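# Structural overview
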Amino acid sequence: MSTVELSGVRLSYGALEVLKGIETSIPSGQIVGLIGASGSGKSTLLRLVNGLLLPSSGHVLVDGELVGRKAKNGKLHPMTLAEIRRQRRKIGMVFQHFELFPHMTVEENLCLAPILHKEMDKSEARQRAMRLLSRVALSDKSRSYPGQLSGGQQQRVAIARALMLQPSIMLFDEPTSALDPELVGEVLTVMRELANDGMTMIVVTHELSFVREVADRVIFMDKGVIAEDGAPKDVLDNPKTERAKAFLARA
Amino acid sequence: MSATHIEDLAIKPIRDLPDEHARKPWLGQAVGWLALALFTVWFLRLFLANPKLKPELIWKYLFNERILEGLWSTLLLAFYSMIGALIFGTVIGFCRISANPVLRATGWLYVWVFRSTPLVVQVLLWGNLALLMPVLGIGPFTVKTNDVMTPFLAGVIALMLHEASYVAEIVRSGVQSVPRPQREAADALALSWWETQRYIIMPQALKVMIPPLGGVFVLLLKSTSLVIVISGGDLLTEAQNIASLNLYTIELLLVATVWFLIITSIAYAGQHYLEWRFNRQNHAHAGGVNEHG
Ligand SMILES: Nc1ncnc2c1ncn2[C@@H]1O[C@H](COP(=O)(O)OP(=O)(O)O)[C@@H](O)[C@H]1O
Ligand SMILES: [Mg+2]
């Protein structure tokens, strides 16, 4: 069963068309490495999957359900904000700059959303937070503030925070791009474990060795279209398009 | 310079240098303080030794019943209009950064009008509302304007609306100081607009807003004296009322001056305390050593 489906997806910011007809489907449990030059539309594509953006035309489906829109009287209408938020809960997102909330402890960062959504009471949330923190090897940091942690630690906390709502899909937008080289490994380790547990993941990254090792599939985007799509060794080692060859030669 | 040279310099012993650091010269400092003290004494004597001034009257009227009533009115004026300005100014501030262009224009218009006109004019307008609208209300529910719009209430409204325009700008810049991706992170966690403001934006914005809000309050304390133009019953009005009978104008103005010095100093101290507390919190968050692993 496909967890994510995009059909005929186009998206424009004003006059600038950023996605020009995206057609793809991602089965449950697949790890997708999304690569491409800066500005090719990778982040935009992730934002469509969790409904932060709605396509100008075409459809985005998650678990067979239309994202952000509903059919009524033979036409598509936008969902209410509350409905979109409810859909979004099952999609976790991790950002390049972690985006932990600096005025809250690590534990508070993790517990805020599940408690506000009334998915757990306080003690349940705290227990789950402790379990996830030990999973990312940060049990001893629950009372620290983000500013007291290294970049690698902050990103691991951010991953744990995204996992609190028990998502069925995890989106990563360049999760290691802002890290010092010696801190990249610890974040990739956590992501590797997550992949082994069967999580569906879309990972925008420049870490091609990670993609080669962990991803089931690589999508190469170029100027708003999918230019290459296949097994990592095919796309990374034998790219067909000139654009992909040039991109990989530089990376 | 060659590498050997650099090494030579690096290992050169510095034992020729004395260990003790010389004290800062204290004479200059002392002369400065003395000059300031002399000037202050001379300046005060100019007033106090003036035969036309009766310094004992300042002391006598400082705790005069009507002066204390005026002082209390001044504090209430400042307090009520500050509370109102905080609430109303926050609403206007959020209008200024709303995605809705109508709200944005409304907020901009408000701030423009109230910041571009002198406060004393606004006080006069509210104080003389009865000239424009002799009765207030709709249908059978009407009251005479002068029965409800007391000088005190007119003062509160005028100060509140005026200060709200300053609070609005502080709220706007405070909210905008929180980086945009923080909002996106909150969105990705499916928080609502209100939850995002309440738990993510406001706590961070407040740190930026506290010092200028303290400044607004101190200014407001002093601005209350403008209600004298509608006989607002504040400290300055009462001082002037007494002076108009006994003609000790300067003495009573000095009584008001002393009280203003006291209350604004207390407000300044409060502002510094809040700033210090928020700074300390910031350090607790941002400081610290990174242990990797
Ligand atoms: N909010 C926005 N408004 C206007 N243009 C945008 C916005 N976000 C992204 N873009 C533009 O869309 C294009 C694709 O951006 P993005 O999806 O972030 O690319 P990538 O993540 O691959 O670097 C870029 O040209 C970018 O400038
Ligand atoms: Mg991007």
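Each chain has its residues counted from 1, running along the sequence as written. Here every chain gets a letter starting at A, and every ligand a number starting at 1, in the order they are written. Confidence filtering applies because this is a predicted model: local features only for residues at pLDDT of at least 70, side-chain atom pairs given and counted only at 80 or more, and all residues used for totals across whole chains, interfaces and linings. Hydrogens and waters are ignored; side-chain quantities use all the structure's heavy atoms.

Moving on: the overall build of chain A. A run of H or I in DSSP becomes a helix once it reaches four residues, and a run of E becomes a strand once it reaches two; helices and strands are each numbered from the N terminus. Helix and strand counts for chain A come out as 9 helices and 12 strands. Computation of the radius of gyration draws on C-alpha atoms alone. For the globule rule, the value is 2.2 Å times the number of residues to the power 0.38. Here the C-alpha radius of gyration of chain A, 18 Å, is about what a compact globule of 251 residues would show, namely 18 Å. Reported as C-alpha extents along the three principal axes, the dimensions of chain A are approximately 50 × 50 × 35 Å. Burial classification: accessible surface area is computed with a 1.4 Å probe over protein chains only, and a residue below 20% of its type maximum counts as buried, one above 50% as exposed, and the rest as partly exposed. In chain A, which comprises 251 residues, the share counted as buried stands at 55%. If you take every contact in chain A between residues at least 6 apart in sequence, the share linking residues at least 24 apart comes to 64%. Values of accessible area rely on a 1.4 Å probe in the Shrake-Rupley scheme; residue burial ignores everything except the protein chains shown. Surface accessibility of chain A: about 10,800 Å² in total, with carbon and sulfur atoms responsible for 49%. Counted charges follow a simple rule, with Lys and Arg positive, Asp and Glu negative, and His plus the chain ends left uncounted. A charged residue contributes its charge at one atom only: NZ of Lys, CZ of Arg, CG of Asp or CD of Glu. The positive charge centre, built from 32 side chains, and the negative charge centre, built from 29, are 6 Å apart in chain A. Should any heavy atoms of two residues lie within 4.5 Å, those residues are counted as being in contact.

What follows covers helix 12 (residues 235-246) of chain B. All names here are of chain B. An expected span of 1.5 Å times one less than the residue number is assigned to each helix. With 12 residues, helix 12 extends 17 Å between its outermost C-alpha atoms, agreeing within 8% with the 16 Å of an ideal straight helix rising 1.5 Å per residue. Turning to helix 12, its buried residues are Leu-235, Leu-236, Thr-237, Glu-238, Ala-239, Ile-242 and Ala-243. Backbone geometry just downstream of helix 12 places Leu-247 in the positive-phi region, at approximately 65 degrees.

What follows covers the packing of aromatic side chains. Aromatic ring pairs are reported here in terms of the distance separating the ring centres and the angle at which the planes meet. Think of it this way: a Phe, Tyr or Trp ring, Trp meaning its six-membered ring, pairs with another when their centres are within 6.5 Å, and the plane angle makes it stacked under 30 degrees, edge-to-face over 60, tilted otherwise. Per the stated rule, a full pass over the model turns up 12 aromatic pairs over all chains. Note on Phe-220 of chain A and Phe-247 of chain A: the rings are 5.4 Å apart at their centroids and 45 degrees apart in plane angle, and the pair reads as tilted. Residue Phe-220 of chain A is found in strand 11 (residues 217-222), and its partner Phe-247 of chain A is found in helix 9 (residues 242-250); the two are separated by 27 residues along the sequence. Judged by its relative accessible area of 3%, Phe-220 of chain A falls in the buried class. Ring centres 5.7 Å apart and planes at 80 degrees place the aromatic pair Trp-59 of chain B and Phe-63 of chain B in the edge-to-face group. Ring pairs connect the aromatic residues Phe-39, Trp-42 and Phe-43 of chain B, which therefore count as one cluster. As a reminder, the over-ring test applies to NZ of lysine and CZ of arginine, requiring each to be within 6 Å of the ring centre and within 35 degrees of the ring normal. Positioned over the ring face of Phe-101 of chain A is Arg-161 of chain A, at 4.5 Å from the centre of the ring.

On to the site of ligand 1, then. All names here are of chain A. Nearness is defined per residue: one heavy atom within 4 Å of the molecule or strand is enough. Every residue close to ligand 1 is listed here: Tyr-13, Val-18, Ala-37, Ser-38, Gly-39, Ser-40, Gly-41, Lys-42, Ser-43 and Thr-44. Pairing of N or O atoms within 3.5 Å defines a polar contact, subject to two protein rules: one partner must be a possible hydrogen donor and the other a possible acceptor, and residues neighboring in sequence count only if both atoms are side-chain atoms. At a separation of 3.3 Å, an oxygen atom of ligand 1 approaches a polar backbone atom of Ser-40. Contact between ligand 1 and Thr-44: an oxygen atom at 2.5 Å from a side-chain N or O atom of the residue. Contact with the protein chains hides 58% of the accessible area of ligand 1, taken as 560 Å² for the molecule alone. At 3 residues, helix 1 (residues 42-49) tops the list of elements feeding residues into the shell around ligand 1. Residues were grouped as follows: Ala, Val, Leu, Ile, Met, Phe, Trp, Tyr, Cys and Pro as nonpolar; Asp, Glu, Lys and Arg as charged; and all remaining residues, including Gly, as polar. Across the shell around ligand 1, the residue classes break down as 3 nonpolar, 6 polar and 1 charged.

A few words now on the interface of chain B and chain A. For an interface, size is often stated in terms of accessible area lost upon the parts coming together. Tallying the contact residues gives 27 residues for chain B and 33 residues for chain A. Buried area: the accessible surface (1.4 Å probe) lost by two parts on joining, summed over both. Overall, the association of chain B and chain A removes approximately 2,500 Å² of surface from exposure, summing both partners, and the carbon and sulfur fraction of that is 58%. By definition, a salt bridge exists where a carboxyl oxygen of Asp or Glu is found within 4 Å of a side-chain nitrogen of Lys or Arg. Our count for the contact surface shared by chain B and chain A stands at 1 salt bridge. With its nearest N and O atoms 2.4 Å apart, the salt bridge here joins Glu-184 of chain B to Arg-47 of chain A. Contributions of two or more residues to the side of chain B that touches chain A are made by helix 10 (180-188), helix 11 (193-223) and helix 13 (249-286) of chain B. Residue composition of the side of chain B that touches chain A, grouped by class: 14 nonpolar, 8 polar and 5 charged.

So, about the confidence of the model for chain B. Low-pLDDT portions of the prediction should not be read for the details of their coordinates. The pLDDT score gives, residue by residue, the confidence of the prediction method on a 0 to 100 scale. Counting all residues, the mean pLDDT for chain B is 87, and 90% of those residues have values of 70 or more. Here residues 285-293 of chain B is a poorly scored stretch, pLDDT under 50, and it has 24 contacts once near neighbours within four places are set aside; other chains count.

All names here are of chain B. Two elements in contact, helix 4 (residues 65-96) and helix 12, have axes separated by 7 Å at closest approach and are oriented at 155 degrees. As the angle between them shows, helix 4 and helix 12 are arranged roughly antiparallel. On helix 12, the residues touching Arg-66, Ile-67, Gly-70, Leu-71 and Thr-74 of helix 4 are Leu-235, Glu-238, Ala-239, Asn-241 and Ile-242. For the contact of helix 4 with helix 12, the class distribution of residues is 5 nonpolar, 3 polar and 2 charged. Inter-axis angles, ranging from 0 to 180 degrees, are taken between N-to-C directions of lines fitted to C-alpha atoms, where helices are fitted over the stretch in contact. Between 65 and 115 degrees an angle is taken as roughly perpendicular, under 35 as roughly parallel, over 145 as roughly antiparallel, and anywhere else as oblique.

All right, on to the pattern of salt bridges then. Tallying each qualifying case throughout the model produces 16 salt bridges over all chains. Ionic pairing is found between Glu-107 of chain A and Arg-126 of chain A, a salt bridge with its closest N-O pair at 3.2 Å. Here Arg-126 of chain A lies in helix 4 (residues 122-135) and Glu-107 of chain A lies in helix 3 (residues 106-116), a separation of 19 residues in the sequence. A residue is classified by how much of its surface remains accessible, and Glu-107 of chain A, at 11% relative accessible area, is buried. Look at Arg-126 of chain A and you get partly exposed, because its relative accessible area is 41%. The partner of Asp-237 of chain A in a salt bridge is Arg-212 of chain A, and the shortest N-O contact between them spans 2.7 Å. Pair noted here: Asp-237 of chain A is in helix 8 (residues 232-237) and Arg-212 of chain A is in helix 7 (residues 208-214), with a separation of 25 residues, a long-range link. We classify Arg-212 of chain A as partly exposed; its relative accessible area is 43%. One network of salt bridges, with partners in common, ties together Arg-47 and Asp-173 of chain A together with Glu-184 of chain B.

Moving on to the environment of Val-190 of chain A. Residue and element names in this part refer to chain A. When you line up the elements, Val-190 lands in helix 6 (residues 181-196). Relative accessible area serves as the criterion here: at 10%, Val-190 is assigned to the buried category. Along the backbone, Val-190 and Pro-146 are 44 residues apart, and their C-alpha atoms lie at a distance of 18 Å. With residues up to four places along the chain from it excluded, the contact list for Val-190 reads Val-136, Arg-156 and Ile-159.

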